[in-house]
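Given next are the chains, with one letter for each unit.
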Amino acid sequence: MNKKKKPFLGMPAPLGYVPGLGRGATGFTTRSDIGPARDANDPVDDRHAPPGKRTVGDQMKKSQAADDDDEDLNDTNYDEFNGYAGSLFSSGPYEKDDEEADAIYAALDKRMDERRKERREQREKEEIEKYRMERPKIQQQFSDLKRKLAEVTEEEWLSIPEVGDARNKRQRNPRYEKLTPVPDSFFAKHLQTGENHTSVDPRQTQFGGLNTPYPGGLNTPYPGGMTPGLMTPGTGELDMRKIGQARNTLMDMRLSQVSDSVSGQTVVDPKGYLTDLNSMIPTHGGDINDIKKARLLLKSVRETNPHHPPAWIASARLEEVTGKLQVARNLIMKGTEMCPKSEDVWLEAARLQPGDTAKAVVAQAVRHLPQSVRIYIRAAELETDIRAKKRVLRKALEHVPNSVRLWKAAVELEEPEDARIMLSRAVECCPTSVELWLALARLETYENARKVLNKARENIPTDRHIWITAAKLEEANGNTQMVEKIIDRAITSLRANGVEINREQWIQDAEECDKAGSVATCQAVMRAVIGIGIEEEDRKHTWMEDADSCVAHSALECARAIYAYALQVFPSKKSVWLRAAYFEKNHGTRESLEALLQRAVAHCPKAEVLWLMGAKSKWLAGDVPAARSILALAFQANPNSEEIWLAAVKLESENNEYERARRLLAKARSSAPTARVFMKSVKLEWVLGKIAAAQELCEEALRHYEDFPKLWMMRGQMEEQEGLVEKAREAYSQGLKKCPHSTPLWLLLSRLEEKVGQLTRARAILEKSRLKNPKNPGLWLESVRLEYRAGLKNIASTLMAKALQECPNSGVLWSEAVFLEARPQRKTKSVDALKRCEHDPHVLLAVAKLFWSERKITKAREWFHRTVKIDSDLGDAWAFFYKFELQHGTEEQREEVRRRCENAEPRHGELWCTTSKDIANWQRKIGEILVLVAACIKNAF
């Protein structure tokens, strides 16, 4: 409705309305209001009516309703934009050209609307987004808190206090009616009066309340009307003894209703009663209506097709589930009558019936189905006595002599000698059963077993298990030379009989032989099938994968056989020799490793790593002369090899042969001068305390290899050790001019300045280093730590944020960021770190430390295990793990961590390198360094 249009305009005036009556005006009627006088039957004079309105008599009354609907063209119904509320021409005819015009206008409107639609929708979307940003939903405001709900433990959840009750005090604490038992004396005392007081005595008010002028108090001198009943005659006292007697009589009557009239003992068994109550509780989880529907459907199936066994079985099981066991039994017995030839129905009936009845059911089933193996097996299971079981199974074998299942069940109950006799009969009745032949072979002597297996091969020429069992038999009796022949003949025979040799199945059989201790058979099988069905170019890759798979399945002999075969095919492949050597190192003995390495260096004399592994094995065994001889042979094969020179130097220095080590290094510098040889020479002199000689060698080395950063580091560290700060600063600065991308050099110079108190200079050095080496996590980390050590935690946090922006996937930075946060925020930060660097060892180590700080011991240990598994070369992880076990683990756990660390031989890690590269610890073993690093760790996280 138009806002300017008044609601009463255009409506007829109410009955008796007089305009202006409210302000005192009185109405009057003129001739013009009522028209000329005429008779009621006269026709209406409508000469002055508008065109189309002229009518006569009652037709005018019919047109009154249509007249009321005419549009009001009053000025108050006019709007500047929309015009009148309705159409000005609604009364005119609506012709075809009007319809076409309307269609054109509608099409134009639709077209214009489509043009604006995309802009309008975009504007609405932006307005909604802006509105949501200004006024977020409650759900969005609490989304971060809801995410943390997943971390709430059950104990924390239960400790949340209950929400207070918002009701008023009377609703919260309803006062229940208290019934206090009244003593018997009260009733006895007041029954004697016999009076009913319905009003207050005026004398009581006159003499001050309830006090009467008589000394008896409430007792008036007039005796009231006594009523007979529980009062004793002559007195007004209540006989409480009679009440007790009446109560006892009533209880006795109730008890007599549930008591045995003969013995007087109660018939109600409390335990049985409770059991009956429990049995009434439905044990199924379905709806009662669903059960009724199912029962009705199954009844319809039974009636429609009474000879359909599944209908009877399903009906019985439905009743069993709903707790109506007897109904289920009756139904299934009815089913056995309707379906006497159904094995499943008889077995279900035997299952539902109790012990002796079940036996009778099975006996009845046997009469109907004398060839059913399952029924015989069920009959044997129902027997509790071994002899009865044997009797049932033998009876069954008389009826079904060719059932392998019955023979196996019968043999399992017999002693070995009787079992052998039975199996000899069994293989006659079931000559195609591999299991029976193999079982008989296992029980026979060696000669008879060979005969049995030969017969088995004749009867079943297509089964590989018989051949493998024959090979295992020969191996068990010492005929290992026959094993290879049997397996080869097996492959040939099976192929001749049209059997496809499935390589995967044979490898599984070989793994089973390995686990059973038949090593020769396992290796023979592997050699026979390892090359079947593989392309020539894929052989090496496939065999290495097979070896890894065997190691994963603990079939070490299988893996050894694969490596042996691969080395025969690829005798000059260094990678195969290395894989085999690492396998022997991890899973074999020292002797097997050394034997393999001797063969390896014979085939690959240029492989330095094989020579070094052989020498190290001898050295670890304490055989230093043998290690020297191996290295001498290695020198002959690889003259002037840097690795072999340094290995020889290490061997001599570790065995305190310092002069020999010096001579070797001097020879190496003259014949094979490299930066590493010079570095080792400097280090040897440094650790032996010959600082001057070390500095002289360092100067000489820097003349030749000025771009080798480790020489500059050693020079600066030696000067720093001597206390010559200026010379150390000069050495580091010169080194950085030659090696501006060496992160350790920047760190050493920065720490030197920090040590002497030049914090500003240290900060400037690190900023310069970051400019020259952008996106370097190590430099960012040092900058953050510098500020943190100086006590400027806010600046450290700001720097860390910048560092994470520049290096968002750096695990070192994320691990440090976790512990820069306050304790409540650390867990959230660790989740973000794991999202960014899921498999980074530093992040995993930080999470383990976080759990450790929260005293979640089991979780912390699990994350430590995960860390050292992902990167076993990170020494810091091993040190923290060892420290953790020192505080929370047992002696065995500590030794296990130490042993695993020694095997892993870690070389990296900030704390680890600080300790292991210390001159004072140069001769310490891995286990000793682990203890030292763990001792340096403080639980300040």
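Residues numbered from 1 in each chain as written. Predicted model: local features only at pLDDT ≥ 70, side-chain atom pairs only at ≥ 80, totals over all residues. Heavy atoms only, no water.

## Quick word on the overall build of the chain
Within the chain, the secondary structure is distributed over 50 helices and two strands. For the chain, with 941 residues in total, the buried portion stands at 34%. For the chain, contacts bridging at least 24 residues in sequence account for 50% of all contacts bridging at least 6. About 60,600 Å² of surface is accessible on the chain, with carbon and sulfur atoms providing 53% of the total. (Helix = DSSP H or I, 4+ residues; strand = E, 2+ residues; numbered from the N terminus. Buried < 20%, exposed > 50% of the residue type's maximum accessible area, 1.4 Å probe, protein only. Contact = heavy atoms within 4.5 Å. Areas by Shrake-Rupley, 256 points an atom, 1.4 Å probe, with all protein chains shown as cover.)

## Re the packing of helix α26 (residues 519-529) against helix α28 (residues 556-569)
Contact pair α26 / α28: the axes reach a minimum separation of 9 Å and the direction vectors enclose 45°. Relative to α28, the element α26 lies oblique. α26 and α28 meet at a crossing whose hand is right-handed. Residues Val519, Cys522, Gln523, Met526 and Arg527 of α26 touch α28, and the partners they reach there are Glu557, Cys558, Ala561, Ile562 and Tyr565. The residue makeup of the contact of α26 with α28, split by class, is seven nonpolar, one polar and two charged. (Axes fitted to C-alpha atoms, helices over the stretch in contact; angles between N-to-C directions. Parallel < 35°, antiparallel > 145°, perpendicular 65-115°, else oblique. Left-handed = near helix turned anticlockwise from the far one by under 90°. Nonpolar A, V, L, I, M, F, W, Y, C, P; charged D, E, K, R; others polar.)

## Section: the packing of aromatic side chains
Using the criterion set out here, one finds eight aromatic pairs in the structure. Measuring from ring centre to ring centre gives 5.5 Å for Trp852 and Phe884, while their planes differ by 85°; the resulting arrangement is edge-to-face. Of this pair, Trp852 sits in helix α45 (residues 841-853) while Phe884 sits in helix α47 (residues 875-888), placing them 32 residues apart in sequence. What makes Trp852 buried here is its relative accessible area of 0%. Measuring from centroid to centroid gives 5.3 Å for Phe864 and Phe884, while their planes differ by 45°, and the two rings are tilted. (Phe/Tyr/Trp six-rings, centres within 6.5 Å; stacked < 30°, edge-to-face > 60°.)

## Here's the deal with the pattern of salt bridges
Within this structure, the stated rule accounts for 32 salt bridges. Ionic pairing is found between Glu706 and Lys738, a salt bridge with its closest N-O pair at 3.6 Å. Taken together, the positions of Glu706 in the loop between α36 (691-704) and α37 (709-721) and Lys738 in helix α38 (residues 725-738) put the pair 32 residues apart, joining distant regions of the chain. You can call Glu706 partly exposed: its relative accessible area is 38%. Lys738 sits in the partly exposed class, given a relative accessible area of 42%. Each of Arg751, Glu754, Glu782, Arg785, Arg789, Glu816 and Glu910 takes part in one network of salt bridges that share partners. (Salt bridge = Lys/Arg side-chain N within 4 Å of Asp/Glu carboxyl O.)

## What to know about unusual backbone geometry
At Arg855, a residue that is not glycine, the phi angle is positive and equals roughly 65°. With respect to the secondary-structure elements, Arg855 resides in the loop between α45 and α46 (857-870). Even without being glycine, Glu905 reaches a positive phi, approximately 50°.

## Focus: a nonpolar patch on the surface
A contiguous nonpolar patch, built from Leu149, Val152, Trp157, Leu158 and Ile160 and spanning about 520 Å² of accessible area, is present on the exposed surface. Here Val152 shows up in the loop between α5 (143-148) and α6 (154-158). Judged by relative accessible area, Val152 falls into the partly exposed class, the value being 31%. (Patch = residues over 30% accessible without salt bridge, like charges linked within 9 Å, V, L, I, M, F, W, Y side chains within 5 Å.)

## Side note on the nonpolar core
Ranked by internal contacts, the top residues of the largest apolar core, which has 61 residues, are Trp506, Met526, Val529, Trp543 and Leu610. If you tally residues by element for this core, the top one is α28, at seven residues. Residues within four places of Leu610 in sequence aside, it is in contact with Trp577, Leu578, Leu597, Ala600, Val601 and Cys604. (Core = buried A, V, L, I, M, F, W, Y, C linked by side-chain atoms within 4.5 Å.)

## Here's the deal with the packing of helix α13 (residues 309-321) against helix α15 (residues 343-352)
It is at 9 Å that the axes of α13 and α15 come closest, and there the two elements cross at 20°. What the angle tells us is that α13 and α15 run roughly parallel. Remark: the crossing between α13 and α15 carries left-handed chirality. On α15, the residues that touch Pro309, Ile313, Ala316, Arg317 and Glu320 of α13 are Asp344, Val345, Glu348, Arg351 and Leu352. When its residues are assigned to classes, the contact of α13 with α15 shows five nonpolar, no polar and five charged.

## Some remarks on a positive patch on the surface
On the surface, a cluster of positive charge is made up of Lys650, Lys680, Lys683, Lys710, Arg907 and Lys917. Inspection of the secondary structure assignment puts Lys683 in helix α35 (residues 675-687). Owing to a relative accessible area of 34%, Lys683 belongs among the partly exposed residues under this scheme. (Lys, Arg positive; Asp, Glu negative; His and termini not counted. Charge placed at Lys NZ, Arg CZ, Asp CG, Glu CD.)

## Description of α35
For α35, built from 13 residues, the straight-helix expectation of 18 Å at 1.5 Å per residue is met to within 8% by its first-to-last C-alpha distance of 18 Å. Most of α35 is tucked away, with ten of its 13 residues classed as buried. Those residues of α35 that fall on the buried side of the exposure criterion are Ala675, Val677, Phe678, Met679, Ser681, Val682, Leu684, Glu685, Trp686 and Val687. Just past α35, the residue Gly689 takes up positive phi, approximately 90°. (Expected span 1.5 Å × (residues − 1).)

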